[in-house]
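Summary of structural features
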Amino acid sequence: MRILIAVWQPQVHTPGAICFGAAFLAVVLLVSGVGYGGGALRTACLLVAAAGPLVGVLAIGRRRTRYLRQLMQKTRQRV
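First things first, this report covers the structure right here in the doc.

Conventions adopted
- Residues numbered from 1 in each chain as written.
- Predicted model: local features only at pLDDT ≥ 70, side-chain atom pairs only at ≥ 80, totals over all residues.
- Heavy atoms only, no water.
- Helix = DSSP H or I, 4+ residues; strand = E, 2+ residues; numbered from the N terminus.
- Buried < 20%, exposed > 50% of the residue type's maximum accessible area, 1.4 Å probe, protein only.
- Contact = heavy atoms within 4.5 Å.
- Areas by Shrake-Rupley, 256 points an atom, 1.4 Å probe, with all protein chains shown as cover.
- Expected span 1.5 Å × (residues − 1).
- Bend = angle between axes of the 7 residues up to and from the residue.
- Axes fitted to C-alpha atoms, helices over the stretch in contact; angles between N-to-C directions.
- Parallel < 35°, antiparallel > 145°, perpendicular 65-115°, else oblique.
- Left-handed = near helix turned anticlockwise from the far one by under 90°.
- Nonpolar A, V, L, I, M, F, W, Y, C, P; charged D, E, K, R; others polar.

Glancing now at the overall build of the protein chain. Looking only at helices and strands, the protein chain has 3 helices and 0 strands in total. Expressed as a percentage of the 79 residues in the protein chain, the buried residues total 16%. For the protein chain, the share of sequence-separated contacts (at least 6 apart) that also reach a separation of at least 24 residues comes to 61%. Here the protein chain displays about 6300 Å² of accessible surface, and carbon together with sulfur accounts for 69% of that area.

Looking now at helix 3 (residues 40-78). An α-helical segment advances 3.6 residues per turn. Residues three or four places apart therefore align on the same side. Given a rise of 1.5 Å per residue, 39 residues ought to cover 57 Å, and the 55 Å separating the end C-alpha atoms of helix 3 matches this to within 8%. When the local axis directions of helix 3 are compared, the greatest deviation, roughly 35°, occurs at Ala-51, which is followed within four positions by the proline Pro-53. Cys-45, Gly-52, Gly-56 and Ile-60 are the residues of helix 3 that are buried. Tucked into the core, helix 3 has its buried residues touching helix 2 (10-32).

Quick look at the packing of helix 2 against helix 3 now. Running from N to C, helix 2 and helix 3 cross one another at 170°; their axes reach a closest spacing of 8 Å. Relative to helix 3, the element helix 2 is oriented roughly antiparallel. In this structure, helix 2 meets helix 3 at a crossing whose hand is left-handed. Grouping the amino acids of the contact of helix 2 with helix 3 by side-chain chemistry returns 20 nonpolar, 5 polar and 3 charged.

Given below as structure tokens:
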């Protein structure tokens, strides 16, 4: 159980999971044929499908860095 907690940290991974989820839903909409004929909805789905994972990874990296810095400061204060 502790290993799972160490791997999944909600305060770090939630924004990334939301971005990946949005990208997945955009791909599902594209595959189902939404925006057939080149509409604005199709363009929006393509942008979300392409940018979602990238934004998710960047958000996870930024939050992880901030979280680790805060953790490091807390452990320095204890010593």
